[in-house]
Amino acid sequence: MLLSSRNLALLLLPFLLPAAHAHAAAQPAPELLWTVGGFSAPESVVYDRARDRFYVSNMATRGAGAIAGDGFISRLDGAATSPS
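Source: prediction; values computed, not measured.

K.L.:
In this structure, what is going on with the packing of aromatic side chains? I would like to understand it.
P.N.:
Given two aromatic rings, their pairing is described by the distance between the two centres and the angle made by the two planes. Under the counting rule described, the total for this entry stands at two aromatic pairs. Ring centres 4.7 Å apart and planes at 45° place the aromatic pair Y47 and F54 in the tilted group. Under the relative-accessibility criterion, Y47 is labelled partly exposed at 38%. By relative accessible area, which is 18% here, F54 ends up buried. In textbook terms, an aromatic cluster arises when at least three aromatic residues are bridged by ring pairs, as seen for W34, Y47 and F54.

Put into structure tokens, the structure is as follows:
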């Protein structure tokens, strides 16, 4: 009998969940190092290691009164994000 991918996933699920839980439990809790404000509906961030910069996408206005195309990218130099 051939198993579909859904049936295979259901068959393996009881074996995978305990391992996933054990792995997650072994991870230390994240620690807040610094915060930065002044964004306009930030949506995502990426770090450029070569330039030591963060780029943050800002959605700007949203919802019923949103203005199309008013989003922008913020650039943070690494020195500005170092803990004080």
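K.L.:
Looking at this model, I keep getting lost on unusual backbone geometry. Mind explaining?
P.N.:
Phi is positive for A41, close to 55°, though the residue is something other than glycine. Turning to its location among the elements, A41 is positioned in the loop between α1 (5-26) and β1 (42-48). Residue A41 is classed as buried on the basis of its relative accessible area, which comes to 18%.

K.L.:
Where do I start with the side chain of S57 in this structure?
P.N.:
Note on placement: S57 falls in strand β2 (residues 53-58). Those residues within four positions of S57 in sequence are excluded, and the remaining contacts are A41, P42, E43, S44, F72 and I73.

K.L.:
Can you walk me through the confidence of the model for the protein chain in this structure?
P.N.:
Here the protein chain averages 76 in pLDDT, and 63% of its residues register 70 or above. By mean pLDDT, α1 is the weakest element of the protein chain at 59, and β2 is the strongest at 93.

K.L.:
Is there a simple way to think about the sheet that holds β1 in this case?
P.N.:
Pairing between the strands of a sheet comes from backbone hydrogen bonds, and it takes one of two forms, parallel or antiparallel. Here we have three strands laid out as an open sheet, ordered β1-β2-β3, and antiparallel in their pairing. Edge positions in the open sheet fall to β1 and β3 (72-77), since each of these has one partner strand only. On average, each strand axis in the sheet is tilted by 20° relative to the strand beside it, whichever way the strands run. Bridging between β2 and β3 involves six bridges; their strand directions are antiparallel. Bridge pairing links Y55 to R75 in β3.

K.L.:
Can you walk me through the pattern of salt bridges in this structure?
P.N.:
Any two side chains of opposite charge can pair, so long as their charged atoms come close to each other. Throughout the structure, instances matching the rule amount to three salt bridges. Of the charged contacts, one joins R51 and D48 as a salt bridge, the two residues approaching to 2.8 Å between their closest N and O atoms. On the basis of relative accessibility, which here comes to 16%, the residue D48 falls in the buried class. Of the charged contacts in the structure, one is a salt bridge between R75 and D77, with a shortest N-O distance of 3.9 Å.

About the cut-offs
- Residues numbered from 1 in each chain as written.
- Predicted model: local features only at pLDDT ≥ 70, side-chain atom pairs only at ≥ 80, totals over all residues.
- Heavy atoms only, no water.
- Phe/Tyr/Trp six-rings, centres within 6.5 Å; stacked < 30°, edge-to-face > 60°.
- Buried < 20%, exposed > 50% of the residue type's maximum accessible area, 1.4 Å probe, protein only.
- Helix = DSSP H or I, 4+ residues; strand = E, 2+ residues; numbered from the N terminus.
- Contact = heavy atoms within 4.5 Å.
- pLDDT = per-residue confidence, 0-100.
- Pairing = 2+ DSSP bridges.
- Axes fitted to C-alpha atoms, helices over the stretch in contact; angles between N-to-C directions.
- Salt bridge = Lys/Arg side-chain N within 4 Å of Asp/Glu carboxyl O.

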